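# Survey of secondary and tertiary structure
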Amino acid sequence: MQPYSVETYVSDIKAIVAAESDDAAIGEKIKPLAQRLAADDSWFKSEYLEVDDEQGFGLHLLFEEDNHDLAVFVIAWAPGKGLAAHNHKTWAVVSGIRGQEHETNYKRVDDGSKPGFADLEQTHSATLLPGNAVCCLPEDIHSVWNNGDQIAVSLHTYGRHLNHTGRSIFDVEAKTESPCIVKVEE
Ligand SMILES: [Fe+2]
């Protein structure tokens, strides 16, 4: 297979987004391209394996539009680390590169009318491995954690940079919703 670059991936995504407005269709069209880029190590740098010792993860921005639309990251999780239940408020495609990460999906069972309150029910969970990819819609809620014994690395593509979507993080036990303040690099 021909090498695939981040630049070509980004231009392929731009063509998809220009021709398609449905978030689910955008995700399904990007998914095989994300899997192809994730499987190609021609662009991969060893620094993408680095994680912040305190936070337990590393975020590496590969591409972002000037207006913050379309952002591509490599995210690395240390073993046992992850992010509690959250939404993205934009479409997302995640493809495994190395290691493994466990994804739990939730549905919201309250009507969202009470500020700060959210009642979530677990619907599905699966471990994402290299070669796999998953798509999320803007309101989908999931948690992820590295359930392996080595660094987990994955390719994340979002319809908008996560600093600019107003996404939420949830405490499933306490039934709370709050602004997701896990800031990612600009
Ligand atoms: Fe996520």
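Computed from a prediction, not measured in an experiment: that's the story for all the values here.

What counts as what
Residues numbered from 1 in each chain as written. Predicted model: local features only at pLDDT ≥ 70, side-chain atom pairs only at ≥ 80, totals over all residues. Heavy atoms only, no water. Helix = DSSP H or I, 4+ residues; strand = E, 2+ residues; numbered from the N terminus. Expected span 1.5 Å × (residues − 1). Buried < 20%, exposed > 50% of the residue type's maximum accessible area, 1.4 Å probe, protein only. Contact = heavy atoms within 4.5 Å. Polar contact = N/O pair within 3.5 Å; in protein donor to acceptor, adjacent residues only side chain to side chain. pLDDT = per-residue confidence, 0-100. Salt bridge = Lys/Arg side-chain N within 4 Å of Asp/Glu carboxyl O.

## Re helix 2 (residues 23-39)
With 17 residues, helix 2 should reach 24 Å at 1.5 Å per residue; the first-to-last C-alpha distance of 24 Å fits that figure. By the burial criterion, the buried members of helix 2 are I26, G27, I30, L33, A34, L37 and A38. Packing partners of the buried residues in helix 2 comprise helix 1 (6-19), strand 4 (92-98), strand 7 (133-136) and strand 9 (152-160).

## Some thoughts on the environment of N147
With respect to the helices and strands, N147 occurs in the loop between strand 8 (141-145) and strand 9. Classification of N147 as partly exposed rests on a relative accessible area of 25%. Taking the C-alpha atoms as reference points, N147 and F73, 74 residues apart in sequence, are found 20 Å from one another. Not counting residues within four places of it along the chain, the set of residues in contact with N147 comprises Q100, E101, H102 and T127. A polar contact of 3.1 Å, which involves the side chain of N147, links it to the side chain of Q100.

## Here's the deal with the confidence of the model for the protein chain
Averaged over every residue, the pLDDT of the protein chain is 95; the share at 70 or more is 97%. Per-element confidence in the protein chain ranges from a low mean pLDDT of 94 for strand 1 (residues 57-64) to a high of 98 for helix 2.

## Looking at the pattern of salt bridges
Tallied over the full model, the rule gives 8 salt bridges. The partner of E177 in a salt bridge is R108, with the nearest N and O atoms 3.0 Å apart. Taken together, the residues E177 in strand 11 (residues 176-179) and R108 in strand 5 (residues 101-108) connect sequence positions 69 residues apart. The network of salt bridges with common partners includes R108, D110 and E177.

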